[in-house]
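Here are the chains, one letter per residue:
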Amino acid sequence: MQDPAQFDEFLRAHGLLKPGETARWNALSGGVSSEIWRVDLPGRSICVKRALPKLKVADDWEAPLSRNDFEWRWLCFAAKHQSQAVPCPLAQDTEAGLFAMSFLAPERYPVWKSQLLNGIVIPAVAAQVGTLLAQLQSASSNRPALAKEFDSLENFRALRLEPYLLATAVRHPDLADRLQALAARTAAISLTLVHGDVSPKNILVGERGPVLLDAECAWYGDPAFDVAFCLNHLLLKSLVRRDCLSALLQSFSQLTDSYFAHIDFESRPLLEARAAELLPALMLARIDGKSPAEYLVGKAAEQDLVRRIARSLLSSPVPRLAVIAATWSREMNGAGI
């Protein structure tokens, strides 16, 4: 933290730090794109988040600071429609590029990613995630004013299309046309509010269902991206939790089914086909893009398996997500890793 007094003033200005009280700022780990703190106040704690101009990854990756404002807007939208599914938004300072929200204690809100990597795979949680995602997208569909408010393609391009699809295209030149076309198509679709980072690391398993965090990539665009982005993680985690392959595939199926059971803004065949085309591109991106899955770094056999499956599906696209899951299951069972 460069200037703690500046942030104390932010808290005072919004009535979060009362006269005579002292705030204790504790940096939280885990994020690569923002500084996040738990702020302990007398008898209570809150969370403060500020975006970084350069992400903490090996590759050169910069992104607009305005993403903090779009995340705040997404948080306020989600709190209005599914208040149990997000931290409570408390205050924002647009100029400083930070906002405050309620702090959710980890002992009551474990991170879904940690559970999955520890072998705690409950398909019903994935079903809840699918339902929540569909509900939020449906609440935002066909709303021109919301589309204007989240006209944030520049952010989405910098945070998702370029570091995932376009960077991967550079490293796989024979697939460059395909990956570039997927990026262009995704950028051109404007149907619902998209979270942009529906990853198990950003999902807490709460007492009243899943809680979504980290909507820095929020954009009014293609809902298929959120579906593919989350399903990708359920497949990739089976590479390090081979013993949980069956449960992770069940989670994949239940998230898919619950999601499509609750959408009301587009036909399933159209939306699912786009998600099924994006999914192998995102698989490959988590190996050869700018944000590789850290639990696969240094695992050559696992990385090669992902490349083989993803490249095949990119070359011969399939229209249904269940076909991708079946392909993954068959390849995993025959891989011997």
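Residues numbered from 1 in each chain as written. Predicted model: local features only at pLDDT ≥ 70, side-chain atom pairs only at ≥ 80, totals over all residues. Heavy atoms only, no water.

Q: In this structure, what is going on with the overall build of the protein? I would like to understand it.
A: If you tally the helices and strands in the protein, you get twelve helices and nine strands. Relative to a compact globule of 337 residues, whose C-alpha radius of gyration would be 20 Å, the protein shows 20 Å and is just as compact. Relative to all contacts within the protein whose residues are 6 or more apart in sequence, the contacts with residues 24 or more apart total 71%. Of the roughly 13800 Å² of accessible surface on the protein, a fraction of 52% belongs to carbon and sulfur atoms. Here the protein contributes 36 positively and 37 negatively charged side chains, and the mean placements of these two sets differ by 3 Å. (Helix = DSSP H or I, 4+ residues; strand = E, 2+ residues; numbered from the N terminus. Rg over C-alpha atoms; globule rule 2.2 N^0.38 Å. Contact = heavy atoms within 4.5 Å. Areas by Shrake-Rupley, 256 points an atom, 1.4 Å probe, with all protein chains shown as cover. Lys, Arg positive; Asp, Glu negative; His and termini not counted. Charge placed at Lys NZ, Arg CZ, Asp CG, Glu CD.)

Q: Just to check I follow, could you spell out the pattern of salt bridges for this structure?
A: Between side chains of opposite charge, pairing is possible as soon as their charged atoms come close. The final tally for this structure, using the stated rule, is 25 salt bridges. One salt bridge in this structure joins K113 and E294, with 2.6 Å as the shortest N-O distance. Taken together, the residues span a long stretch of sequence, with K113 in helix α3 (residues 112-117) and E294 in the loop between α10 (268-288) and α11 (300-315) at a distance of 181 residues. On the accessibility criterion, E294 (46% relative accessible area) is partly exposed. Here R241 ties to D243 by a salt bridge, and the two come within 2.7 Å at their closest N and O atoms. Its relative accessible area of 59% is what places D243 among the exposed residues. Overlapping salt bridges, with partners in common, bring together K49, E71, D214 and E216 in one network. (Salt bridge = Lys/Arg side-chain N within 4 Å of Asp/Glu carboxyl O. Buried < 20%, exposed > 50% of the residue type's maximum accessible area, 1.4 Å probe, protein only.)

Q: Sorry, what's going on with the packing of helix α6 (residues 153-171) against α10 here?
A: The geometry of a pair of packed helices is captured by two quantities: the angle between their axes and the separation between those axes. For the pair α6 and α10, interaxial distance at closest approach is 9 Å and the crossing angle is 70°. As summarised for this structure, α6 and α10 are arranged roughly perpendicular, according to the angle between their axes. Like other packed secondary-structure pairs, α6 and α10 cross with a definite hand, here left-handed. When α6 is examined against α10, the residues Y164, L165, A167, T168 and R171 are found in contact with a partner set consisting of L278, A281, L282, L284, A285, R286 and D288. Residues belonging to the contact of α6 with α10 are distributed by class as follows: eight nonpolar, one polar and three charged. (Axes fitted to C-alpha atoms, helices over the stretch in contact; angles between N-to-C directions. Parallel < 35°, antiparallel > 145°, perpendicular 65-115°, else oblique. Left-handed = near helix turned anticlockwise from the far one by under 90°. Nonpolar A, V, L, I, M, F, W, Y, C, P; charged D, E, K, R; others polar.)

Q: Sorry if this is basic, but what is going on with the pairing of strand β4 (residues 89-93) here?
A: Each regular strand carries side chains that alternate between the two faces of the sheet. Of the strand pairs in this sheet, β4 and strand β5 (residues 98-102) are connected by four bridges, and their pairing is antiparallel. Residue pairing across strands places A91 opposite A100, the latter belonging to β5. The antiparallel hairpin formed by β4 and β5 contains four residues in its connecting segment, where G97 sits at a positive phi of about 70°. (Pairing = 2+ DSSP bridges.)

Q: Honestly, the environment of L161 in this entry has me stumped. Any pointers?
A: Tracing the sequence through the fold places L161 in helix α6. Spatially, the C-alpha atom of L161 lies 5.9 Å from that of A183, the residues being 22 residues apart in sequence. L161 has contacts with L153, F156, L166, A183, T186 and A187, leaving out every residue within four places of it along the chain.

Q: Looking at this structure, I do not really get unusual backbone geometry. What am I missing?
A: As a rule of thumb, non-glycine residues mostly have phi less than zero, and peptide bonds are mostly trans rather than cis. Phi at N142 takes a positive value of approximately 55°, unusual for a residue other than glycine. In this structure, N142 sits in the loop between α4 (123-140) and α5 (144-149). Positive phi, normally seen in glycine, also occurs at D214, with a value near 55°. With respect to the secondary-structure elements, D214 resides in the loop between β8 (209-212) and β9 (219-221).

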